[in-house]
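Residue-level structural notes
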Amino acid sequence: MPVSLFATEPKQKARASVLAPVITMDGGRRLEFVGAFSSEKEVKGARSFWKRAVDVLAGPPSYGKLIRPYAVTLDSRGRIIVTDPGAMAVHVFDFANKQYRRLERGKGQDLLSPIDVAVDGQDNIYVTDSISGRIFVFEPSGKFSRFVGSVTKQEGIFKRPTGIAIDKQKGELFITDTLRDKIFVMDLQGHVLREFGGHGNGPGQFNFPTELVLHGEELYVVDAMNFRVQILSTQGKYLTQFGELGEEMGRIYRPKGLSVDSEGDVYLVEALLDAVQVFNREGSLLYTFGKSGGGPGEMELPSGLWIDANDRIYVADSYNQRVQVFQFTSAQHAKGGQH
């Protein structure tokens, strides 16, 4: 039977003076709330006595903060990269080095609506901008590098690029064009290698495709207005799908971000329910976490979701202006006593 983080009285564990919800599952599997962050101030930590003394004279510093975070990913350095259409910027949080950077401009072009983000094998940052119809590419330092998807100054390949994923080994970009109902596959310089999809509700067709994620040789796509997740090969061959329209747990109504954990289970953000639903590859609901609110583990219009190699889960909690972090412990790691 599927379980929910808030369906029954959860176990509680004190962490940083916050009661953090926890759920336990069969095989020693476990999901727990780790924490949340929302601004540059949390990256840099407490200011020294002398800096605070200067603040008295000069005024407190202005910190970058999340306005409406949408998508999140991590690079190989552990930096957390968050798109923010509310701020028309991308935030780079480097907790290990206590550094923060804000990305907002390309060559003669501001970010207008940064939606999704991915990094390549060299930690270059690729950002879809749904309004300008371009992909902004930044170097790991944050310096603007180039655009992808431009044909001329006035015209581009995409009508509304949204989701993006990168095959780091092959050097291929996968980009959903929501208004064309297609997925474009490009090399890292922006040359189109292939495209697939088309409008419809049949296998391999789309109706408003948005987020996508690569898992091995499979591409998982949120087919939003068909209320399903489709699984395709990286060549565009239809493999399988799951999902059915409905407003209750186990169904799909306003799907947003998705990712896949180390056990191959699919995490799908359901914005209508302010929750994350976890399905197996066949589409059976395993468990859920989240409910409406602003407390630990609660959400208001969540959007993007990312799972790193250690099964740490990052959820863009848009209307709470924060990113929440959870830890999933797989059965294998539970048996070995490690994350």
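Residues numbered from 1 in each chain as written. Predicted model: local features only at pLDDT ≥ 70, side-chain atom pairs only at ≥ 80, totals over all residues. Heavy atoms only, no water.

In the structure shown here, the tally under the stated rule is 16 aromatic pairs. Summarising the aromatic geometry, the rings of phenylalanine 138 and phenylalanine 144 are spaced 5.8 Å apart at their centres and angled 80° between planes, so their arrangement reads as edge-to-face. By the ring-pair criterion, three or more aromatic residues cluster together here, those being Phe33, Tyr267, Tyr287, Phe289 and Phe326. When the ring centre of phenylalanine 147 is taken as origin, the NZ or CZ atom of arginine 134, which lies over that ring, is 4.2 Å away. (Phe/Tyr/Trp six-rings, centres within 6.5 Å; stacked < 30°, edge-to-face > 60°. Lys NZ or Arg CZ within 6 Å of the ring centre and 35° of its normal.)

It is worth spelling out the sheet that holds strand S14 (residues 144-148) at this point. Taken in spatial order, the 4 strands line up as S11-S12-S13-S14 in an open sheet, and their pairing is antiparallel. Edge positions in the sheet fall to strand S11 (114-119) and S14, since each of these pairs with one other strand and no more. Within this sheet the neighbouring strands show an average axis-to-axis angle of 25°, counted without direction. In this sheet, strand S12 (residues 125-129) lies alongside S11 in antiparallel orientation, the contact comprising 4 bridges. (Pairing = 2+ DSSP bridges. Helix = DSSP H or I, 4+ residues; strand = E, 2+ residues; numbered from the N terminus. Axes fitted to C-alpha atoms, helices over the stretch in contact; angles between N-to-C directions.)

The next subject is the sheet that holds strand S8 (residues 99-103). Across the sheet, which stays open at both edges, the 4 strands sit in the order S5-S6-S7-S8 with antiparallel pairing between neighbours. Both outer strands of the open sheet, strand S5 (71-74) and S8, are each paired with one neighbouring strand and no more. Here the average twist between neighbouring strands, direction ignored, is 20°.

Of the residues in the chain, 86% have a pLDDT of 70 or more, and the chain-wide mean is 88. Per-residue pLDDT stays below 50 along residues 4-18; that stretch engages in 34 contacts with residues further than four places along the chain or on separate chains. In this model residues 47-56 is a low-confidence stretch, pLDDT under 50, and it forms 7 contacts with partners more than four residues away in sequence or in other chains. (pLDDT = per-residue confidence, 0-100. Contact = heavy atoms within 4.5 Å.)

Relative to the elements of secondary structure, isoleucine 23 occurs in strand S3 (residues 18-24). Put simply, isoleucine 23 and tyrosine 287 are 264 residues apart on the chain and 9.5 Å apart in space, counted from C-alpha to C-alpha.

The next point concerns unusual backbone geometry. The phi angle at aspartate 123 is positive, at roughly 70°, despite the residue not being glycine. Take aspartate 123: it is sitting in the loop between S11 and S12. Judged by its relative accessible area of 4%, aspartate 123 falls in the buried class. Backbone geometry at glutamine 321 places phi at a positive 55°, although glycine is not the residue there. Checked against the element boundaries, glutamine 321 lands in the loop between strand S28 (312-317) and strand S29 (322-329). (Buried < 20%, exposed > 50% of the residue type's maximum accessible area, 1.4 Å probe, protein only.)

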